[in-house]
Amino acid sequence: MKKILVLLPLLFAAVAVEAKNYIVSTPNTSLVITADEGKPLYFRYYGTKASSDDVFSSHRSMKYQAYRSFGTRCDAPYACLVKHADGDNATNLVVRNVESREDDTTTGLVVTLEDTAHPLTVRLHYVAYKDCDVMKFHADYVNNGKKPVVLQKYMSAVLPVKSQECWLLHLNGDHGNECNENIEPLGEGIKIISSRDGGRNSVGSNAAFMLGTDGKIEETEGNVIGGVLSWTGNTYIEFINTRQNGDPILILAGINPEASDYTLDGGKTLETPEMVFSYSTSGKGQVSRNLHYWARHHHVLDGTSMRHVLLNSWEGVHFDVSQEGMNEMMKDFSALGGEMFVMDDGWFGGKYPRNDGTTSLGDWCVAKDKLPEGVDGLIRFATDKNLKFGIWIEPEMVNTKSELYEKHPDWVLRHESFDPTYGRGKTQLLLDLTNPKVQDFVFGVVDNLMKSYPEIAYIKWDHNMSMLNASSLYLPKSKQSNLYVDYHLALKSILERVRAAYPDLIIQLCSAGGFRLNYGYMPYFQEVWTSDQTDALHRLYIQWGALDFYPSNILAAHVCSPRNKYTQREIPVKFRFDVASMCRLGMEMVPAQLTDAEKAYATRAIAEYKRLRGTIQQGDLYKLVSPYEGNRDYASLMYVDGDKSHAVLFAYRTILFRHMPDKIIKLQGLDPERKYLIREVCPEVEGKPLPIDGKVVSGRFLMEEGIVLKDLNKAYSRTQPFNDIREMNDYKSFVLELIAQ
Ligand code: GLA
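Residues numbered from 1 in each chain as written. Predicted model: local features only at pLDDT ≥ 70, side-chain atom pairs only at ≥ 80, totals over all residues. Heavy atoms only, no water.

Within the protein, the regular secondary structure consists of 12 helices and 40 strands. Principal-axis analysis of the C-alpha atoms places the extent of the protein at approximately 80 × 70 × 45 Å. Per-residue burial for the protein yields a buried fraction of 63% across its 741 residues. Across the protein, contacts joining residues at least 24 apart in sequence account for 69% of those joining residues at least 6 apart. Element-wise, carbon and sulfur atoms account for 49% of the exposed surface of the protein, whose accessible area totals about 26800 Å². Taking the average location of the 82 positive side-chain charges in the protein and that of its 94 negative ones, the two points are 1 Å from each other. (Helix = DSSP H or I, 4+ residues; strand = E, 2+ residues; numbered from the N terminus. Buried < 20%, exposed > 50% of the residue type's maximum accessible area, 1.4 Å probe, protein only. Contact = heavy atoms within 4.5 Å. Areas by Shrake-Rupley, 256 points an atom, 1.4 Å probe, with all protein chains shown as cover. Lys, Arg positive; Asp, Glu negative; His and termini not counted. Charge placed at Lys NZ, Arg CZ, Asp CG, Glu CD.)

Written out as structure tokens, the structure is:
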């Protein structure tokens, strides 16, 4: 329940008496602004929790305009640019009002700014969580006039930062190569992290960053600000480090303004997306943990529920779906201890059967020739095998070879006067979600499936095409440049309908792998397909990067076939399981391809994952050895329960060199005063655990002196039996469980 409190300015003794300073705080951080009626809003401070004296004596304190509009000091970076109804493009925003707000989990301020020249209001929201060091900023634009105005830049957040030496961490990548962690000095000039795909906003860059405000970003020390933009459409985060006029470094974040002039009708409001910040004085690891906690407890749908171990059919059979094939996978996966089966692409199509990427999207009816007993038959079989059942859809899309397109050629995004550019299969197009009839159709895809097969427990919602044709046949000409925003407002309303009707349905968000990894989606989805890259070695780097900002329980990670389809690498089953078990474990192969020894291993690994998933999915993450650093030869991380009674540690050697030095792994997050029993989880050969297995060691010792897993850098000799799971020398991994005594 939101309550609006009376205006409560905190008058700090240390500043001029007429200045009204407002502070919002999380348990360990504070934000201070100065708001005087009729004057611009000023940003004063964001950092470690502060009293009034602290703030104004801090080297980080400043008086910098908190949300500048184009029109007053036109050479300076601005957050707001509006073309008013009379054509004027100058805006002068001044403070009219400040409200304090509070609900069960947050406190905050809403600052109302008004343009002194035109009927425009901008409301800035500053929200602080009570139980974690996370704040959220966003802005509402209200057109109080009768005629439309055009918003040309309408940022969610402005964060000025004072820093002598600033470093930036950001994630970059491509299909099958998402979330590469980059850490670099933030040099002078302007750096922009943005997306302009239209439909998928993690193509290339992820809308997330960390900023080391006092030098290089370290895992366990130093002052670090983290930021993630929670938006489903095109994103924009700009770092302005020009030091012009001695200005601080400025972070502007919000909807990407490129080709997105937004016509806002008279009397209407546009809420910009939330920009989420976290601050820590003890390194990037704490920023990650803050964001993970916030995500699980306040943002992601069902963020604290346990995730199932599932088998997805895609890499096993691709489009070659058949009843026998699905049944065989279900039978074998059930025997391994799996909990859910997901039938991927290839199950649907009427007049046009879906045998490759060229046809059928839009025709969401069962291909009877492939599945004579239909989805019912598969669900019966799954239930009999004690598995839940899930199914793949790509509901925002159509192929031109489909009955849907034949009926509604005007439902697609395209320009009316020239040929569209096609996506996958050279026939794929995006549906125009701004059209209410299309919205009903897309909602109906889920609704019809769920009405026909109420036992469906899981849907994989895919989105495999860029918005190559950003023109709408539905929107009027004057609002074509609203499309990049309106598409996503429409998607949000569809997702809200889906969630109102089916609150418990698990829905995985997929977009050619991880192209939609963004918190904007997560109030509607429980998890994300992290990447189509399932090669465990490459996946380790992708998951490592994603974990900087996103918690393990939303990152789906599947064990691939013995030979990976992208890299053609064969990686031992233990390494594959140990990488996938770091997040939400699943499999993506035909289990019958496994040898008996591998099946036995998989059975043990799944059972152990189920036993340990409380800690892996909900524990605090501590990164111990980064695969991006040094010789990139080792990686290690651990999850620790909130009460520090239980932890799970993963350690990987990614490459073998002769005479590799022993790797010392210093643990983190344990209770220094307690002793921990160490157990190896799922040793390679049953009954032959590491020498460290069974030892009881104090938390202090494990954190200060660390452990050396000598076997991590051992090479196996060819005298090992052929087909032994240890035969591949480049890959070696261990999982340890630590149980407080
Ligand atoms: C995308 C997804 C895959 C799979 C295919 C199906 O590429 O990322 O996991 O679902 O689509 O066509």
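There is more to say, and it comes next.
Glancing now at the site of the ligand. Looking at the ligand, there are 13 residues lining it, with D344, D345, R424, K460 and D532 nearest. With respect to the ligand, the side chain of D462 contributes an N or O atom lying 3.0 Å from an oxygen atom. A distance of 2.6 Å separates an oxygen atom of the ligand from a polar atom in the side chain of D532. Isolated, the ligand exposes 300 Å² of accessible area, and the fraction of that covered by the protein chains is 96%. (Near = heavy atom within 4 Å. Polar contact = N/O pair within 3.5 Å; in protein donor to acceptor, adjacent residues only side chain to side chain.)

Among the structural elements, E684 can be located in the loop between β37 (675-681) and β38 (696-698). On the basis of relative accessible area, E684 is assigned to the buried category, the value being 11%. Of note is the side chain of E684, whose polar atom sits 3.0 Å from the side chain of K732.

Our next topic: the pattern of salt bridges. Evaluation of the coordinates by the stated rule reveals 43 salt bridges. Linking D548 and K623 is a salt bridge whose minimum nitrogen-to-oxygen distance equals 2.5 Å. With D548 in the loop between α9 (536-546) and β31 (555-560) and K623 in strand β33 (residues 620-625), this pair connects stretches of sequence that are 75 residues apart. Each member of the pair, D548 as well as K623, carries the same accessibility label: buried. Each of E181, E219, K284, D548 and K623 takes part in one network of salt bridges that share partners. (Salt bridge = Lys/Arg side-chain N within 4 Å of Asp/Glu carboxyl O.)

Applying the stated criterion across every chain yields a total of 27 aromatic pairs. Measuring from ring centre to ring centre gives 4.9 Å for Y126 and F137, while their planes differ by 75°; the resulting arrangement is edge-to-face. Here the residue Y126 occupies a position in strand β9 (residues 120-129), and F137 occupies one in strand β10 (residues 134-143), the gap between them amounting to 11 residues. Of the two residues, Y126 and F137, neither departs from the other in class, the shared state being buried. Taking the centre distance of 5.4 Å and the plane angle of 85° together, the rings of Y541 and Y628 count as edge-to-face. In this pair, Y541 is assigned in helix α9 and Y628 in the loop between β33 and β34 (634-640), connecting sequence segments 87 residues apart. Across the pair, Y628 and Y541 agree in class, each one buried. Aromatic rings pair up to connect Y46, Y126, F137, F277 and Y279 into one cluster. Across the ring face of Y42, the terminal group of K63 is positioned such that the distance to the ring centre comes to 4.7 Å. In this structure, K153 is placed above the aromatic ring of Y78, and the distance from its NZ or CZ to the ring centre is 5.2 Å. (Phe/Tyr/Trp six-rings, centres within 6.5 Å; stacked < 30°, edge-to-face > 60°. Lys NZ or Arg CZ within 6 Å of the ring centre and 35° of its normal.)

Along its sequence, the protein is carved into domain 1 (6-299), domain 2 (310-618) and domain 3 (621-740). Domain 1 and domain 3 are separated by 40 Å when their C-alpha centres are compared. If you look at the interface, domain 1 gives eight residues, while domain 3 gives six residues. Buried area between domain 1 and domain 3, summed over both chains or domains, comes out near 690 Å², and the portion from carbon and sulfur atoms is 45%. For the domain 1 face of the interface with domain 3, the top three residues by lost area are E181, E219 and R289, together amounting to 59%. Summed over the shared surface of domain 1 and domain 3, the number is zero salt bridges. Linking domain 1 with domain 3 are three residue pairs in polar contact (both at pLDDT 80 or more), by the criterion used here. When residues of the side of domain 1 that touches domain 3 are traced back to their parent elements, those giving at least two are β14 (177-185) and α2 (283-299). Looking at the side of domain 1 that touches domain 3 residue by residue, the classes come out as one nonpolar, three polar and four charged. (Domains from an automatic or database assignment. Buried area = accessible area lost by both parts, 1.4 Å probe. Nonpolar A, V, L, I, M, F, W, Y, C, P; charged D, E, K, R; others polar.)

Below, the discussion takes up helix α7 (residues 436-452). Its 17 residues place the ends of α7 23 Å apart at the C-alpha level, agreeing with the 24 Å of an ideal helix rising 1.5 Å per residue. Along its length, α7 shows its largest kink, about 30°, at G444. All buried positions along α7 are accounted for by V438, Q439, F441, V442, F443, G444, V445, V446, D447, L449 and M450. Tucked into the core, α7 has its buried residues touching β25 (388-393), α6 (403-407), β28 (456-461) and α8 (483-501). Between the side-chain oxygen at the start of α7 and the backbone nitrogen of K437 there is a gap of 2.9 Å, and the oxygen is on N435. (Expected span 1.5 Å × (residues − 1). Bend = angle between axes of the 7 residues up to and from the residue.)

What follows deals with α2. The end-to-end C-alpha distance of α2, which contains 17 residues, comes to 23 Å, matching closely the 24 Å that a straight helix rising 1.5 Å per residue would cover. Of all 17 residues that make up α2, 13 are buried, and the element is covered over most of its length.

So, on to the sheet that holds strand β5 (residues 64-65). Spatial ordering of the open sheet is given by β2-β3-β4-β5, a layout of four strands whose pairing is antiparallel. The sheet is open, and its two borders are formed by β2 (21-25) and β5, each paired with just one other strand. Where strand β4 (residues 42-48) lies against β5, two bridges are found, and the strand directions are antiparallel. By the bridge assignment, Y42 is partnered in β5 with Q65. (Pairing = 2+ DSSP bridges.)

Phi is positive for D302, close to 50°, though the residue is something other than glycine. The topology assignment puts D302 in the loop between α2 and β23 (310-312). Under the relative-accessibility criterion, D302 is labelled partly exposed at 33%. If you check the backbone angles, H659 has positive phi at about 55° while not being a glycine.

Glancing now at the pairing of β28. In terms of residue burial, β28 counts as a mostly covered element, since six of its six residues are buried. The pairing of β25 with β28 spans five bridges and is parallel. Among the inter-strand pairings, G390 is bridged to a residue of β28, identified as Y458. Relative to strand β29 (residues 506-509), β28 runs parallel, the two being bridged by four bridges. From the neighbouring strand, W461 faces β29, where its bridge partner is L509. Traced from β28 through α8 to β29, the parallel crossover comes out right-handed. (Right-handed = clockwise from strand over helix to strand, strands pointing away.)

Okay, the environment of V309 next. In this structure, V309 sits in the loop between α2 and β23. The spatial distance from the C-alpha of V309 to the C-alpha of D53 is 52 Å, given a sequence separation of 256 residues.

A few words on the sheet that holds strand β11 (residues 149-154). In spatial order, the strands read β6-β11-β20; together these three strands make up an open sheet with antiparallel pairing. Among the strands making up the open sheet, the edge pair consists of β6 (80-83) and β20 (262-264). Between one strand axis and the next, the sheet turns through 30° on average, direction left out of account. Of the strand pairs in this sheet, β6 and β11 are connected by four bridges, and their pairing is antiparallel. Note that in β11 the partner of C80 across the bridge is Y154. (Axes fitted to C-alpha atoms, helices over the stretch in contact; angles between N-to-C directions.)

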